[in-house]
Structures are given as C-alpha cells and as structure tokens.
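Letter by letter, the chains look like this.
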Amino acid sequence: PVALAQVLAGIAVAMVAGFFPVRIGRSKSSFAAGEVFIFLLLLMHGPAAATLAAGAETMVGALRSSRRWTSRIASPTLSALAMFCCGSLLDALLHSLQQRGLTNPGLTVVAAMLFTLLYFSANSMLVATVLRLKRNEQPQLGDMLGVFGWVGIAFAGSGAVAALLFITYRQTGFGVLAAVVPIMAMLLATLHYHNRQQEANEAMRAAAEEAAAHQAYATLHAADAQHARKKVVAA
C-alpha cells in the first residue's frame, strides 16, 4: 500500500508538472518539469511505474498543445514505449552493478544521466519517425540530432536531480523526500511563470518597436508628401 501510494502520488505530481513546461531561453524548445518525478519513480519503483507516469505526463502536454486525437493518443503511447524500453535497460544495469558491488552515489547519478539522454533520444526518434511516415518519407537520424541541443542537456539535468533525490530517499527515508519534492515543484513553477513573464515582456517590446517603426515610416512618408507639394506649388 505504501509503494502504491507513492506511485500514485508521483504520477499525480508529474501530471500537474506537465501544465508548467519550462522553456529553454531564446528558443522554441521546452521541457516538462514532470520528468524529474518520472525518473525518480523509475529509480524508486522500477520501469512499470515510470511508464505509467511518462504516459500520463505526456498526455497532459498533448491535451494542452493539440486538438487532434491522433496526437493525443500517439504522443503518450510513444513516451510510454520509450520509457519502458529505456527504463528496463537502466533497471537491469543498476541491478547488475549492485550484484558486482559497484553501487555508489556517483555511479547512480551517471547512470541516471545517461539513461535520460537515451530516453530523450529514443522518444524524439520515435516521434520524428511517425511524422516522416505520415509524409511517406524515410526516417532520418538527423531528426534526433537536430533537436538534441539544450533540451537534451535539460533532460540530463533532470536525471541527475532525480538520482540525487533517490539517494537522499535511500539514506534518510521518505520524510526528507516528502519535504524536498514540494520545494522543487514550487521552484519549477516559479521558473515557468518567470519565463512566461519574460515572453510577455519580449512580446510587448517587439510590439512597441514595430509601432515605432510604423510611426517613423508614416512620418517620413508625410514629410516626403509635404515636400512634393511644396515643389508643385513652387513650380
């Protein structure tokens, strides 16, 4: 019952975090803060729990960003598939390291970061492949590499944070983790609203610059017209 409650709580937090995507500065890319909690569920309760959380979190994002039911169904399915496959690999790797006595916090963090990069790559490739198949095109490896960049680094950071939370949970128990998770959620929500405010300010600044440009053009046009009329009168 305790494990089930933790899994349900993790899924709920991941879904709520899906409403607050954190945008990467000066780009159109963003990542959902719920990934931290999904990776934490993976480390705590295995790939099955993480698969449910990944599908639920992606479903929230799909419902917010698309009105097509094909996207609302395909996106969570692909995320769940990528998470189950990659999560099973990470779970097997950690068990293998534990059997050989190689388990330590450093290896756990590194393994989690590598896994998150693998999961991001697999998920991106699956989505890009589906889009190309809809256009009757061949899948291209460049589709994955083209979107890696800062989003991949953000995913790796999410994996590292999840690993550190897992290590804290394993050493001190659930009490400290229960206190840290709400703080992280507040931090990520703050980042989301801060980015939204920056976007709004940027939009207002761009609108003001455009209005000033139009005003300058209108003033110049009026001056040219007045100058032309003076020439006509003088002639």
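What counts and what doesn't
Residues numbered from 1 in each chain as written. Predicted model: local features only at pLDDT ≥ 70, side-chain atom pairs only at ≥ 80, totals over all residues. Heavy atoms only, no water. Core = buried A, V, L, I, M, F, W, Y, C linked by side-chain atoms within 4.5 Å. Buried < 20%, exposed > 50% of the residue type's maximum accessible area, 1.4 Å probe, protein only. Helix = DSSP H or I, 4+ residues; strand = E, 2+ residues; numbered from the N terminus. Axes fitted to C-alpha atoms, helices over the stretch in contact; angles between N-to-C directions. Parallel < 35°, antiparallel > 145°, perpendicular 65-115°, else oblique. Left-handed = near helix turned anticlockwise from the far one by under 90°. Contact = heavy atoms within 4.5 Å. Nonpolar A, V, L, I, M, F, W, Y, C, P; charged D, E, K, R; others polar. Patch = residues over 30% accessible without salt bridge, like charges linked within 9 Å, V, L, I, M, F, W, Y side chains within 5 Å. Areas by Shrake-Rupley, 256 points an atom, 1.4 Å probe, with all protein chains shown as cover. Salt bridge = Lys/Arg side-chain N within 4 Å of Asp/Glu carboxyl O. Disulfide = S-S within 2.5 Å. pLDDT = per-residue confidence, 0-100. Expected span 1.5 Å × (residues − 1). Phe/Tyr/Trp six-rings, centres within 6.5 Å; stacked < 30°, edge-to-face > 60°. Arc of directions from axis to C-beta.

1. Some words on the nonpolar core
Alright, step 1. With 33 residues, the main nonpolar core has I38, F39, M83, F115 and Y119 as its most contacted residues.
Alright, step 2. Looking at this core, the elements that each hand over two or more residues are α1 (2-17), α2 (34-45), α3 (47-65), α4 (69-99), α5 (105-134) and α7 (149-172).
Alright, step 3. When residues of this core are assigned to their parent elements, the largest contribution, eight residues, is made by α2.

2. Here we look at the side chain of T58
Alright, step 1. Following the sequence through the fold, T58 ends up in helix α3.
Alright, step 2. Using a relative accessible area of 16% as the deciding quantity, one classes T58 as buried.

3. Focus on the packing of α2 against α4
Alright, step 1. The geometry of α2 relative to α4 is characterised by a closest axis approach of 10 Å and an angle of 45° between their N-to-C directions. Here α4 runs oblique to α2, going by the angle between their axes. Considering only the axes of α2 and α4, their crossing is right-handed. Judged by residue contacts, I38, F39, L42 and L43 of α2 engage M83, G87, L90 and L94 from α4.
Alright, step 2. By residue class, the composition of the contact of α2 with α4 is seven nonpolar, one polar and no charged.

4. Some details on a nonpolar patch on the surface
Alright, step 1. A grouping of M59, L63, W69 and I73 is seen on the molecular surface, where their side chains present a nonpolar patch of about 420 Å² in accessible area.
Alright, step 2. Of all the elements in the fold, those that place two or more residues in the nonpolar patch are α3 and α4.
Alright, step 3. Relative to the elements of secondary structure, M59 occurs in helix α3.

5. Describing the state of the cysteines
The bond known as a disulfide is covalent and runs between the sulfur atoms of two cysteines.
Alright, step 1. Under the defined criterion, the tally for this structure stands at zero disulfides.
Alright, step 2. Of the cysteine sulfurs around C85, a residue in no disulfide, the closest is that of C86, at 6.5 Å.

6. Points about the confidence of the model for the chain
Alright, step 1. Per-residue confidence for the chain gives a mean pLDDT of 76, with 72% of residues at or over 70.
Alright, step 2. Element-level mean pLDDT values for the chain span from 56 in strand β2 (residues 30-32) up to 88 in α2.
Alright, step 3. Per-residue pLDDT stays below 50 along residues 25-29; that stretch engages in four contacts with residues further than four places along the chain or on separate chains.

7. Looking at α4
An α-helical turn contains 3.6 residues, so a residue and the one three or four places further along point in the same direction.
Alright, step 1. Between its first and last C-alpha, α4 extends 45 Å over 31 residues, near the 45 Å set by a 1.5 Å rise per residue.
Alright, step 2. For α4, the full list of buried residues reads S71, R72, P76, L78, S79, A80, A82, M83, C86, G87, L90 and L97.
Alright, step 3. Once α4 finishes, G101 follows within two positions and takes phi at roughly 70°, a positive value.

8. Topic: the environment of S71
Alright, step 1. As for its position among the elements, S71 is in helix α4.
Alright, step 2. Sequence-wise, S71 and M59 are twelve residues apart; in three dimensions their C-alpha atoms are separated by 9.2 Å.

9. Side note on the packing of aromatic side chains
Alright, step 1. Using the criterion set out here, one finds three aromatic pairs in the structure.
Alright, step 2. Here the aromatic residues F39, F115 and Y119 are joined through ring pairs into a cluster of three or more.

10. Some remarks on α1
Alright, step 1. With 16 residues, α1 ought to run about 22 Å at 1.5 Å a step, and its terminal C-alpha atoms sit 22 Å apart, in line with that.
Alright, step 2. Within α1, the full set of buried residues consists of Q6, V7, G10, I11, A14 and A17. Viewed end-on, α1 has its buried residues packed into an arc of 135°, placing them on one side of the element. α1 presents V2, L4 and L8 as exposed residues on the side facing more than 90 degrees away from its buried surface.

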